Amino acid sequence: MPLVPEPAPDAPAPAAGAALDAWLEGVIREHYRPLYLYALTLCGQEADAADLTQQTAVIFARKWSEVRDLTKIKSWLFSILYREFLNLRRRTARITSLDEHPEHEPEPHPPQQAQTLDGRAAVAALHTLEEPFRAVLSLYYLEDLSYREIADTLELPIGTVMSRLSRAKDALRLILCPAT
Amino acid sequence: MNDEHDPIRDQLRAARPSGQDDADPDVRAAREASAADAELQEMLRREREADAAIGRALRSVEPPADLEARLLTAMRAARAQITPPPDLEAQVIEAVRTNRDRETLAPEVASHWSRRQWFGAAAAAIAAVCAGGALWWQRQSRMPMAFLTARLTTIASEGVTLSLMSMDKQAIAAWLRTAGAPRSAHLFPKLDALGRKGCHLYDIDGHPVSLECLVLANMSVVHCFTTPSSGLRDAPPTSRPASVRTEDGFTVASWSHADQTIVLVSEESAAIVQALVS
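Residues numbered from 1 in each chain as written. Chains lettered and ligands numbered in written order. Predicted model: local features only at pLDDT ≥ 70, side-chain atom pairs only at ≥ 80, totals over all residues.

1. Structural notes on helix α2 (residues 46-63) of chain A
Selection rule: Strands are runs of DSSP state E lasting at least 2 residues, helices are runs of H or I lasting at least 4, and numbering of each runs from the N terminus. What a helix should span is 1.5 Å times the count of its residues minus one. Buried means a residue has 20 or more other C-beta atoms within 10 Å of its own C-beta, exposed means 12 or fewer, and partly exposed covers the counts in between; C-beta atoms are placed from the backbone.
Relative to the 26 Å expected for 18 residues at 1.5 Å per residue, α2(A) spans 25 Å between its end C-alpha atoms, a close match to the ideal helical length. In terms of burial, α2(A) is largely enclosed, as 13 of its 18 residues are buried.

Structure representation (structure tokens):
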């Protein structure tokens with residue numbers, strides 16, 4: 001059960017002060033888990049995923065008034081997180097680690113049937129996909145957004161979302177079950 | 001990947017396996033249109049099972065136990081900072097006023113062309129003397145501050161390499177200690193409160209210079225370099241507050257504390273860097 005009741009589409013913006021703070025925190029309490037999981041599939045690193053989720057929460061705390069339609073708050077949060085991921089990737093492209101030598105790269109995850117997949121393996125498998133496909137397919141598997149909402153969130157045409165979903169599923173099947 | 005895409009097939013594959021999209025008119029229409037295609041139905045049935053399993057596996061991953069508390073703390077801090085602190089506001093006003101004064105004075109300066117030429121020649125001469133002086137100082141055992149700053153902005157613009165990538169302040173301190181790297185025992189509170197990205201130890205003309213990568217709330221990086229003041233010809237006096245200026249497109253702040261000199265190099269504005277070292 002959500003900590004904060006879903007407001008009606010035409011509900012006024014929450015009152016200022018303590019009630020507003022409580023509402024903002026309630027929204028994040030309700031949505032931070034899928035946001036973190038989405039960040040994890042995008043970054044592949046727990047620390048970066050936690051940072052991205054935190055950055056999204058901070059932006060929400062500052063710019064909540066930009067959410068014009070409270071029924072789309074979930075899409076708005078995922079959209080902010082995705083944009084912050086793209087910004088982070090651009091900013092950190094200039095920082096490299098001495099630890100990133102090829103010999104230190106983790107072993108590719110062994111092929112695994114989808115039915116016996118565990119969480120970490122699912123994240124690892126999704127992370128092998130190219131970013132545009134990963135961004136769409138991860139949202140699909142989180143099941144928080146419909147394909148129409150995914151299109152809104154990532155600012156893509158619906159046809160592109162459906163096409164990328166199909167391609168990404170085909171690619172993931174090859175990763176998880178190479179024999180099929 | 002399969003490049004042959006059938007719009008009806010793609011539409012059905014985009015519907016969530018939980019059935020949440022069953023009421024979607026386009027999904028319903030695609031179902032009706034493909035009802036007679038037994039092969040497609042079987043493929044979709046198998047795919048829905050696999051999709052449901054992958055989704056369950058993904059959603060079973062637990063976030064860090066302290067993440068919720070961390071998010072709420074960060075949100076409260078962000079809400080508290082929505083009104084800028086008075087000192088930062090005053091600096092921004094002062095910066096605007098300074099720019100306005102410069103604009104007001106510009107036409108008057110432009111009318112004295114001969115004086116500008118004289119200043120230009122003098123500046124060129126000073127630059128030549130400085131360049132020669134810099135070369136001479138490089139050969140000395142102690143670096144001029146300007147030489148160090150120029151090297152540090154070059155490092156920042158070319159992209160830093162971190163020996164240790166970590167957000168853990170204690171782990172970074174331990175790494176620097178083990179490496180025998182210089183480190184100031186004291187940073188300004190707002191600076192010390194920033195997140196960490198990692199650290200590295202440079203050798204600049206035989207002088208150890210440590211780097212701690214600090215991260216602002218907007219994920220922008222502030223490079224914090226520390227070196228012993230004894231290795232500098234003109235280290236800032238410890239009694240002087242941090243000096244903030246723009247060099248090579250970066251905002252640079254420098255000051256000394258105890259026997260260490262600290263240089264910040266950032267792409268953020270001077271007002272933001274000034275707020276960090278106040």
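2. Some remarks on the packing of helix α1 (residues 18-43) of chain A against helix α4 (residues 67-80) of chain B
As a reminder of what qualifies: Between the N-to-C directions of two axes lies an angle of 0 to 180 degrees, each axis being a line fitted to C-alpha atoms and, for a helix, fitted only over the stretch in contact. What sets the label is the angle itself: under 35 degrees gives roughly parallel, over 145 gives roughly antiparallel, 65 to 115 gives roughly perpendicular, and the rest give oblique. Crossing handedness: left-handed means the near helix sits turned counterclockwise from the far one by under a right angle, and right-handed means the same turn made clockwise. Placing a C-beta atom from the backbone of each residue, one calls two residues in contact when those atoms lie within 7 Å.
Contact geometry for α1(A) and α4(B): axes closest at 10 Å, N-to-C directions at 135°. One element, α1(A), and the other, α4(B), form an angle in the oblique class. Here the hand of the crossing between α1(A) and α4(B) comes out right-handed. Packed against α1(A), whose contacting residues are A:Asp21, A:Leu24, A:Glu25, A:Ile28, A:Arg29, A:Tyr32 and A:Tyr36, the element α4(B) presents B:Leu67, B:Glu68, B:Leu71, B:Leu72, B:Met75 and B:Arg79 at the interface.

3. Observations regarding the interface of chain A and chain B
Let me state the cut-off plainly: Basically, the charged four are Asp, Glu, Lys and Arg, the nonpolar ten are Ala, Val, Leu, Ile, Met, Phe, Trp, Tyr, Cys and Pro, and anything else, Gly included, counts as polar.
Contacts between the two partners involve 52 residues from chain A and, on the opposite side, 45 residues from chain B. Secondary-structure elements contributing two or more residues to the side of chain A that touches chain B are α1, α2, α3 (73-92), β1 (96-97), α4 (119-127), α5 (131-142) and α7 (158-176) of chain A. Broken down by class, the residue content of the side of chain A that touches chain B amounts to 26 nonpolar, 11 polar and 15 charged.

4. Comments concerning the nonpolar core
Stated precisely, the cut-off is as follows: One nonpolar core equals one set of buried Ala, Val, Leu, Ile, Met, Phe, Trp, Tyr and Cys residues connected by C-beta atoms within 7 Å.
Grouped together as the largest cluster of nonpolar side chains are 62 residues, with contacts concentrated most on A:Ala39, A:Leu81, A:Val136 and A:Leu137. For this core, the element with the highest residue contribution is α1(A), accounting for 11 residues. Apart from the residues within four sequence positions on either side, A:Leu81 is in contact with A:Leu35, A:Tyr38, A:Ala39, A:Leu52 and A:Thr56. In terms of nonpolar packing, the next biggest core, distinct from the first, is built from 36 residues, B:Ile172, B:Val209, B:Val222 and B:Ala242 among them.

5. Examining α4(A)
The criterion, for reference: Directions from the helix axis toward the C-beta atoms define the arc.
Taken together, the buried positions of α4(A) are A:Ala122, A:Val123, A:Ala125 and A:Leu126. Along the long axis of α4(A), the arc covered by the buried residues comes to 165°, so they all point the same way. Contacts from the buried residues of α4(A) go to α1, α5 and α7 of chain A together with α3 (38-59) of chain B.

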